[in-house]
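# Structural overview for review
Listed below, chain by chain, are the residues.
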Amino acid sequence: MRRFRKILIANRGEIACRIIWTCKEMGISTVAVHSTADRDSLHVRFADEAVCIGGPTSSQSYLNIPSVIAAAEITNVDAIHPGYGFLAESSYFAEICEACNIKFIGPRPDVIRLMGDKVEARRAMKEAGVPILPGSPDPLKSEDEARALAREIGYPVIIKAAAGGGGRGMRIVRTEEEFGHAMQTAATEAAASFRSADLYVEKFVENPRHVEIQVLADEHGHCIHLGERDCSIQRRHQKIIEEAPSPALTPELRERMGATAVAACRRVGYSSAGTVEFLLDEDGQFYFMEMNTRIQVEHPVTEMITLADIVRNQILVAEGKPLWYKQEDVLFVGHSIECRINAEDPQTFAPSPGLITAYNAPGGPGVRLDTAAYPGYVVPPYYDSLIAKLVVHARTREVAIARMRRALEVMVVEGIKTTIPLHQGVMEDPYFRAGEYSTRFMEQFFERRKIQGGLAASGGA
Ligand code: MV4
């Protein structure tokens, strides 16, 4: 067991600031790394030390392993927190950290590698007794074999890249006639996007909800869950709104999904914070989708309803400490909703980088804003367009929605386009308000608005 004196944050933006907040509370010094485009960023300003690690593109800086490690060596840190994205799920980077005697704040490299291979992850989950969808036990070897398997499973099926995840390189196949073409294009896309062109096939679930369980595990085999998040509101596999608890779960289903996620983590020797993603079908059956071995963008909704600090727990278990609370000690209070504010056109989702000319942060009871933006900040064009996460907490879902509407109303971001008007529209949507939505919500929302005469006519953008 050791105590970290200094941590390097291998990330930028709101998540780098979020990690620094917790380090300050724990009395741990921080080192920020930044690209030349991020010199004036808040994470650079709030960290105790800062090191420029390269040019503006991600590959020149935040993905540049030798630069990040050099910064860690120069500043003599005990550990590196990778945040999300960039190097967070690189088993190779985790291994390099280990070889340099720097603690990687996350699970072991072999566990990251296992979960990065979706075919292997499915196998491990099956062995742990976690429900998986009918599908390939191994990567597809030939079109004929795959076709026979799809016929056995029954259409519709979905072809996915073994090295994929997050929706890249997927093809839904509804009839046998489409199969050959779908497999070809999926293979081409997988080969271009990932190290591996391997594919697998699964039964396709119509109108599912995306419900994920937050887990915390220490290095001594203890594991607990902090309940679920409903992340069904997405567009092109980018989450837009998340909430906890899910309006779709009963206490009984929550307990079963939580226990299943914990069993999955035990089986693979998981440590640190992690997320087990499930598809929930219209009959209330749930199936393993993937496991994320990092802290996630939407972790604040879980922090709000459980009063846990997930980053603090990641740091404590990385120090080798046992989890200090048991499953029975986890609190669940009220309801939380997160709206992702992106520097994007709210209708086309085209990126909208540039100068923030005017800015007002909402506050007041039950409002949390995770952001690295400030008046005069220039949103660079090189990275993800997320500029703020507006998170609310209230006793009930109804009051949480009212609180979100009021916070969105007083939030001002001028000079660039943002998704604030889109969120205002969703908060007014009768299906959202009823909690009746699936992963198809956004397309249906835009369809309803078109019929009504567009966003502008109904109080949106
Ligand atoms: C699926 C599915 C239906 N059936 N797998 C999308 C992201 C990636 N993690 C897997 N995804 C899906 N996998 C089967 N067998 C539907 C999706 C899916 C989806 C999932 C969650 C949230 C939004 C989605 C939008 C389209 C498709």
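Conventions adopted
Residues numbered from 1 in each chain as written. Predicted model: local features only at pLDDT ≥ 70, side-chain atom pairs only at ≥ 80, totals over all residues. Heavy atoms only, no water. Phe/Tyr/Trp six-rings, centres within 6.5 Å; stacked < 30°, edge-to-face > 60°. Buried < 20%, exposed > 50% of the residue type's maximum accessible area, 1.4 Å probe, protein only. Lys NZ or Arg CZ within 6 Å of the ring centre and 35° of its normal. Pairing = 2+ DSSP bridges. Helix = DSSP H or I, 4+ residues; strand = E, 2+ residues; numbered from the N terminus. Axes fitted to C-alpha atoms, helices over the stretch in contact; angles between N-to-C directions. 1 Å grid on protein atoms, 1.4 Å probe; cavity = no way out; pocket = protein on both sides within 12 Å on 5 of 7 lines; lining within 4 Å. Points joined across faces, edges and corners; volume = space filled by probe spheres on them. Nonpolar A, V, L, I, M, F, W, Y, C, P; charged D, E, K, R; others polar. Domains from an automatic or database assignment. Contact = heavy atoms within 4.5 Å.

A ring pair, where both rings are aromatic, is described by two values, the distance of the centres and the angle of the planes. Tallied over the full model, the rule gives twelve aromatic pairs. With centroids separated by 5.3 Å and ring planes inclined at 50°, the aromatic side chains of Y374 and Y377 adopt a geometry described as tilted. Here Y377 falls in the buried class, since its relative accessible area comes to 10%. The rings of F349, F432, Y437, F441, F445 and F446 are connected pair by pair, giving a single aromatic cluster. Of note, R209 hangs over the ring of Y437, and the distance from its end group to the ring centre comes to 4.2 Å. The side chain of R397 reaches across the aromatic face of F432, ending 4.7 Å from its centre.

Turning our eyes to something else, we now look at the sheet that holds strand β10 (residues 223–235). Reading across the sheet, the eight strands line up as β13-β12-β9-β10-β11-β14-β19-β17 and stay open at both edges, with antiparallel pairing between neighbours. The open sheet terminates on both sides in strands that have one partner only, identified here as β13 (286–292) and β17 (367–371). Averaged over all adjacent pairs, the angle separating strand axes in this sheet is 25°, with direction ignored. Of the pairings in the sheet, the one linking strand β14 (residues 335–342) to strand β19 (residues 386–394) comprises eight bridges and is antiparallel in character. By the bridge assignment for β19, C339 is matched with L390.

Here the focus is the layout of surface pockets. Taken as a whole, the second largest pocket holds about 230 Å³ of empty space. Lining the second largest pocket are 18 residues; nearest its centre among them are E98, K103, F104, R108 and E219. Broken down by secondary-structure element, the contributors of at least two residues to the lining of the second largest pocket are α4 (91–99) and β5 (103–104). Among the elements that make up the lining of the second largest pocket, the one with the highest residue count is α4 (three residues). Looking at the lining of the second largest pocket residue by residue, the class counts come to seven nonpolar, five polar and six charged. Residues lining the lining of the second largest pocket come from more than one domain, with at least three contributed by each of domain 1 (6–105) and domain 3 (209–452).

Time to look at the sheet that holds strand β8 (residues 199–203). Taken in spatial order, the three strands make up an open sheet running β7-β6-β8, and their pairing is antiparallel. Strands at the two margins of the open sheet, each flanked by one partner only, are β7 (171–173) and β8. Across the sheet, the mean angle separating the axes of adjacent strands is 25° when strand polarity is ignored.

This brings us to the environment of P247. Examined against the element boundaries, P247 turns out to sit in the loop between β11 (238–244) and α9 (251–268). Each C-alpha atom, one on P247 and one on G435, is 5.5 Å from the other, the two residues being 188 residues apart in sequence. Once you skip the residues sitting within four places of it in the chain, P247 turns out to touch R209, D230, R397, G435 and Y437.

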